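# Remarks on the overall topology
Residues per chain are reported as follows:
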Amino acid sequence: MQRLPLLLLLIVPNLSFAQPDAKKEVLAVIDRFFATMAQRDSAGMAAVMMPDGVLYGVFEGNLAQAPRATTHANFLHQLKSGTDKILERYWDPQVRVDGPIATVTAPYDFHVNGKLSHCGIDVFDLLKDGDAWKISGGEFTMRREECPASPLGPVK
């Protein structure tokens, strides 16, 4: 009977290592979202998004206007029909996970044809759909003025 607590102390920590790291899984979805966006791969992007989600853009500075809602379906259509080379990068993500929901907040910069277009903050909401995390929606600020230098350096 005295060996049971010792056995549990040896087994329980190993069980925690065997479980997937939810924060890493969530960030992998965000990385895939941006990689597929840069490739204008709407099918790849759709695979990491809930079909009925909405993204809200909040425009600041010389872009100021009322917040704009875009359904995931419309966003994917715009992505597929565009021709410019686009790249969005993020850094210093703050990830919060509570069971089957997660939120990621991070500063970003957005480049069109290799030139800085705008910057802001991204907020992604994710849900666990079966075994996979998917983006259920999100918000982003967008401004062209006072964009800080990215710690990622210049676009290559």
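Bear in mind that the values here come from a model prediction, so they are computed numbers and not experimental data.

What follows concerns the overall build of the protein. Looking only at helices and strands, the protein features 4 helices and 7 strands. N-terminal to C-terminal, the α/β element order of the protein is α-α-α-β-β-α-β-β-β-β-β. Within the span of the protein, comprising 156 residues, buried residues form 33% of the whole. Pairs at least 24 residues apart make up 53% of the contacts formed inside the protein by residues separated by at least 6 positions. Accessible surface, the protein: about 9800 Å² in total, of which carbon and sulfur atoms supply 58%.

What follows covers the environment of Ala47. Here Ala47 is to be found in the loop between α3 (42–46) and β1 (49–59). Each C-alpha atom of the pair Ala47 and Ile135 lies 9.5 Å from the other, and the pair is 88 residues apart in sequence.

With that settled, consider the packing of aromatic side chains. By convention here, two paired aromatic rings are described through the distance between centres and the angle between planes. On inspection of all chains with the given rule, the structure shows 6 aromatic pairs. Ring centres of Phe33 and Phe34 lie 5.3 Å apart, and the angle between their planes is 75°; this geometry places the pair in the edge-to-face category. The class for Phe33 is buried, based on a relative accessible area of 3%. Judged by its relative accessible area of 6%, Phe34 falls in the buried class. Aromatic pair Phe34 and Tyr90: ring centres 5.5 Å apart, planes at 40°, arrangement tilted. On the criterion of sequence distance, the pair formed by Phe34 in helix α2 (residues 22–38) and Tyr90 in strand β3 (residues 86–90) is long-range, its members being 56 residues apart. These aromatic residues form a ring-pair network of at least three members: Phe33, Phe34, Phe75, Tyr90 and Phe124.

So, about the pattern of salt bridges. All told, the structure shown has 4 salt bridges when counted by the stated rule. Where Glu60 meets Arg143, a salt bridge forms, and the shortest distance between an N and an O atom there is 3.2 Å. With a gap of 83 residues between them, Glu60 in the loop between β1 and β2 (65–71) and Arg143 in the segment after β7 (132–142) connect regions that are remote in the sequence. Of the residues examined, Glu60 reaches a relative accessible area of 30% and is grouped as partly exposed. What makes Arg143 partly exposed here is its relative accessible area of 22%.

Criteria and cut-off values
Residues numbered from 1 in each chain as written. Predicted model: local features only at pLDDT ≥ 70, side-chain atom pairs only at ≥ 80, totals over all residues. Heavy atoms only, no water. Helix = DSSP H or I, 4+ residues; strand = E, 2+ residues; numbered from the N terminus. Buried < 20%, exposed > 50% of the residue type's maximum accessible area, 1.4 Å probe, protein only. Contact = heavy atoms within 4.5 Å. Areas by Shrake-Rupley, 256 points an atom, 1.4 Å probe, with all protein chains shown as cover. Phe/Tyr/Trp six-rings, centres within 6.5 Å; stacked < 30°, edge-to-face > 60°. Salt bridge = Lys/Arg side-chain N within 4 Å of Asp/Glu carboxyl O.

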